[in-house]
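Read off the chains here:
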Amino acid sequence: VQLVESGGGLVQAGGSLRLSCAASGRTFSSYAMGWFRQAPGKEREFVAGISWSGGYTYSADSVKGRFTISRDNVKNTVSLQMNSLNAEDTAVYYCAAGSKVGTAPRGYDYWGQGTQVTVSS
């Protein structure tokens, strides 16, 4: 599976961004998908995940109520709608594909190259 993220950029605090991840290669719909982020000097952290069917989602406490993950198995995309952004959300955001939704990066087999999100305060 090849994954390519898009949609990052610079946004003011309180604003919104929508990240997208386009998948190609093996059957996208058979994979659980996750979004992770990594800020400078910090470890990569889980943001949100979605099951292969889209019927189960799970988000980190830090983004609950603000970020929403979704997928389209026809278009082979997974998205992350981010609202009420704050400076602590500044990071490189990565999408990943794996066998099941989990919070550990090692649980995912395929990764995109990442897209930068910068929130100005």
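Before reading further, recall that the structure is shown in the block above.
No experiment lies behind these values; they were computed from the predicted model shown. (Residues numbered from 1 in each chain as written. Predicted model: local features only at pLDDT ≥ 70, side-chain atom pairs only at ≥ 80, totals over all residues. Heavy atoms only, no water.)

Trainee: Before we go on, may I ask you to explain the pairing of strand S9 (residues 91-98) in this structure?
Mentor: Each regular strand shows side chains that alternate between the opposite faces of the sheet. Within S9, seven of the eight residues are buried, which leaves the element mostly enclosed by the surrounding structure. Bridge count for strand S4 (residues 32-38) against S9 is seven bridges, and the pairing is antiparallel. Note that in S9 the partner of arginine 37 across the bridge is tyrosine 93. In the sheet, S9 pairs with strand S11 (residues 115-120) via three bridges, with the strands oriented antiparallel. Each residue of the ladder has a partner; that of tyrosine 93, found in S11, is threonine 115. Across three bridges, the pairing between S9 and strand S10 (residues 108-111) is antiparallel. Counted as the bridge partner of alanine 96 is tryptophan 111 from S10. (Buried < 20%, exposed > 50% of the residue type's maximum accessible area, 1.4 Å probe, protein only. Helix = DSSP H or I, 4+ residues; strand = E, 2+ residues; numbered from the N terminus. Pairing = 2+ DSSP bridges.)

Trainee: Honestly, the nonpolar core in this entry has me stumped. Any pointers?
Mentor: Nonpolar side chains tend toward joint burial in soluble globular proteins. Counting 33 residues, the largest nonpolar core has Met33, Trp35, Leu80, Met82 and Tyr93 as the members making the most contacts within it. Take this core: its biggest share by element is five residues, from S9. Apart from the residues within four sequence positions on either side, leucine 80 is in contact with Leu17, Arg18, Leu19, Trp35, Val47, Ala48, Phe67, Thr68, Ile69 and Tyr93. (Core = buried A, V, L, I, M, F, W, Y, C linked by side-chain atoms within 4.5 Å. Contact = heavy atoms within 4.5 Å.)

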